[in-house]
Amino acid sequence: MSECFRYLYLHNDKLKASENFKDSYLLRGTSLYEVVRIISGKAVFLCEHYSRLTKSAKKVGLEIMFSYNQVQDCIKTLVEKNDCKEGNIKLVFNFDGKDKNFYAYFVKHSYPNASQYKNGVRTLIHQAERPTPTAKVYNHKLRSKTNNLIAEADIFEVILLNKLGNITEGSRSNLFFIKDNSLYTSPDNEVLNGIVRSKVLKIAEKLGIQIHYRSIAYEEIPQFEAAFLTGTSPMVLPINRINSISFSVEHQLLFDIFKAYDKLVHENLNQIC
């Protein structure tokens, strides 16, 4: 089954039936992508997503062929033609030799429910790492493996453990720990710096919260008081368990960050015409 959802998708500037989309389109050459959250018909933090796309392209020696305004228009078209104002849209720039293609389409999403935000989610550690962690390049093998683990273990997310034995990030999210009212997260050069992650870091700086950027060994995990994920779909989501290790989901610092991020999202939506 294709990951393309709803009725229509965009191939370059042409609308096509989603039933004809093939995931194999993304496996040719190199595919750079972003997943943008749509709330009330508007793309949250689209400017930041587009900026990261251009940076990812530069890191692998490529160049995005659509302008910001073109991408914005594509999203508006998909929202209107699919009559869908809530969900996730995937933007993909595929480079296969001289052949360049742009795809945009709705994907099925899995947003946390109220209970998960309140009680936290379960996660599982898996030894794996991205070949180019700072660039958002489509990795079919890793995505398939982690999706299977999530389904089989009935967990929300898989936490990646690199070959050095350090916790880095989630398979589709970033990871933070809390100890002594300070934040701990991996160095920027070891992870994909997610849009929500960057917002949380700015929130922490504004609130005067100390941030420690360093590798975190698996053996250190029990020392932390709380942990949370950040990402397009989960936003800011408490973790109640990593493997068999439990964390508090009622930490005041976690609550303050969640509240501040929610405010940022609403401010961003109010600025969009």
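Counting from 1, residues in each chain are numbered in the order their sequence is written. Restriction of local features to residues with pLDDT of at least 70 applies here, the model being predicted, together with a cutoff of 80 or more for giving and counting side-chain atom pairs; totals for whole chains, interfaces and linings are based on all residues. Side-chain calculation: all heavy atoms of the structure are included, whereas hydrogens and water are not.

Looking now at empty space enclosed by the protein. Using only the protein atoms, space was sampled on a 1 Å grid; points where a 1.4 Å probe fits but cannot get out form cavities, open sets with protein on both sides within 12 Å along at least five of seven lines form pockets, and lining residues are those with an atom within 4 Å of a point. Grid points are joined across faces, edges and corners, and a volume is the space filled by probe spheres set on the points. Enumeration according to the criterion identifies one cavity of 30 Å³ or more in this entry. Taken together, Val-36, Arg-37, Ile-39, Val-44, Phe-45, His-49, Ile-195, Val-196, Thr-232, Met-235, Tyr-261 and Val-265 make up the lining of the largest cavity. We count a stretch as a helix when DSSP gives it H or I for four or more residues in a row; a strand needs E for two or more, and each element gets its number in order from the N terminus. Elements with a minimum of two residues in the lining of the largest cavity: β3 (30–39), α5 (195–206) and α6 (252–271). Ranked by residue count, the leading element in the lining of the largest cavity is β3, at three residues.

Take helix α2 (residues 68–81) next. Multiply 1.5 Å by the residue count of a helix minus one, and that product is the helix's expected span. The first and last C-alpha atoms of α2 sit 20 Å apart over 14 residues, in line with the 20 Å expected at 1.5 Å per residue. Those residues of α2 that fall on the buried side of the exposure criterion are Val-71, Cys-74, Ile-75, Leu-78 and Val-79. The arc enclosing the buried residues of α2, seen along the axis, measures out at 130 degrees, which places them on a common side. Phi for Asp-83, located one or two positions after α2, is positive at around 50 degrees. Each residue's exposure class comes from its accessible area (1.4 Å probe, protein chains only) as a fraction of the maximum for that residue type: buried when under 20%, exposed when over 50%, partly exposed otherwise. The arc under discussion is defined with respect to the helix axis, by the directions toward the C-beta atoms.

What follows covers the sheet that holds β3. For sheets, the rule is that strands pair by backbone hydrogen bonds, running either parallel or antiparallel. Strand order in this open sheet of six strands is β2-β1-β6-β5-β3-β4, and the pairing throughout is antiparallel. Sheet topology places β2 (14–17) and β4 (42–43) at the edges, where each strand pairs with a single neighbour. For this analysis, residues touch if any pair of their heavy atoms sits within 4.5 Å. Axes here refer to lines fitted to C-alpha atoms; in helices the fit is confined to the stretch in contact. Angles between the N-to-C directions go from 0 to 180 degrees. Across the face of the sheet, helix α1 (residues 46–59) comes into contact with β3, β4 and β5 (87–96) while running at roughly 175 degrees to β3. Lying over the sheet, α2 contacts β1 (4–11), β2, β3, β4, β5 and β6 (99–107), oriented at roughly 130 degrees with respect to β5. Should DSSP find at least two bridges between two strands, the strands are taken to pair.

By convention, a stacked pair of Phe, Tyr or Trp rings (six-membered ring in the case of Trp) has centres within 6.5 Å and planes under 30 degrees apart, an edge-to-face pair has planes over 60 apart, and any other such pair is tilted. Scanning the entire structure with this criterion turns up 15 aromatic pairs. Ring plane angle 80 degrees and centroid distance 5.0 Å describe the contact between Tyr-9 and Phe-21, whose orientation is recorded as edge-to-face. Here Tyr-9, found in strand β1, pairs with Phe-21, found in the loop between β2 and β3; they are twelve residues apart in sequence, far enough to count as distant. This pair shows no difference in class: Tyr-9 is buried, exactly as Phe-21 is. Here Phe-21 and Tyr-25 contribute two aromatic rings whose centre-to-centre distance is 5.3 Å and whose plane-to-plane angle is 85 degrees, an arrangement assigned as edge-to-face. In this pair, the class of Phe-21 matches that of Tyr-25, namely buried. Counting every residue linked through ring pairs, the aromatic cluster contains Tyr-9, Phe-21, Tyr-25, Tyr-103 and Tyr-105. Each ring is checked for a lysine NZ or an arginine CZ that lies within 6 Å of its centre and within 35 degrees of its normal; such an atom marks a charge sitting over the ring. Sitting over the face of the ring of Tyr-111, Arg-37 holds its NZ or CZ atom 3.6 Å from the ring centroid.

As a further point, take the pattern of salt bridges. We define a salt bridge as a contact between a side-chain nitrogen of Lys or Arg and a carboxyl oxygen of Asp or Glu at a distance within 4 Å. One pass over the full model with this rule turns up six salt bridges. We note a salt bridge from Lys-199 to Glu-48, for which the minimum N-O separation is 2.7 Å. Taken as a pair, Lys-199 in helix α5 and Glu-48 in helix α1 lie far apart in primary sequence, 151 residues in all.

Before going further, it helps to examine the side chain of Glu-220. By the element assignment, Glu-220 lies in the loop between β13 (216–217) and β14 (226–231). Residues adjacent in sequence count toward polar contacts only when both atoms are side-chain atoms; beyond that, a polar contact is any pair of N or O atoms within 3.5 Å, and within protein one must be able to donate a hydrogen and the other to accept it. Within polar-contact distance, the side chain of Glu-220 engages the side chain of Arg-214 at 2.8 Å. Not counting residues up to four positions away in its chain, the partners in contact with Glu-220 are Arg-214 and Ser-215.

Turning next to the pairing of strand β15 (residues 235–242). Here β15 lies mainly inside the structure; six of its eight residues are buried. Between the antiparallel neighbours β14 and β15 lie three residues. As consecutive antiparallel partners, β15 and strand β16 (residues 245–246) are separated by two residues, and within that stretch Asn-243 has a phi angle of approximately 55 degrees, a positive value.

Summarising the element assignment, Pro-222 is placed in the loop between β13 and β14. Judged by its relative accessible area of 54%, Pro-222 is exposed.

Let us now look at the pairing of strand β7 (residues 121–127). When β7 meets β15, the two strands line up parallel, connected through three bridges. The residue bridging Val-121 from the neighbouring strand is Ile-239, located in β15.

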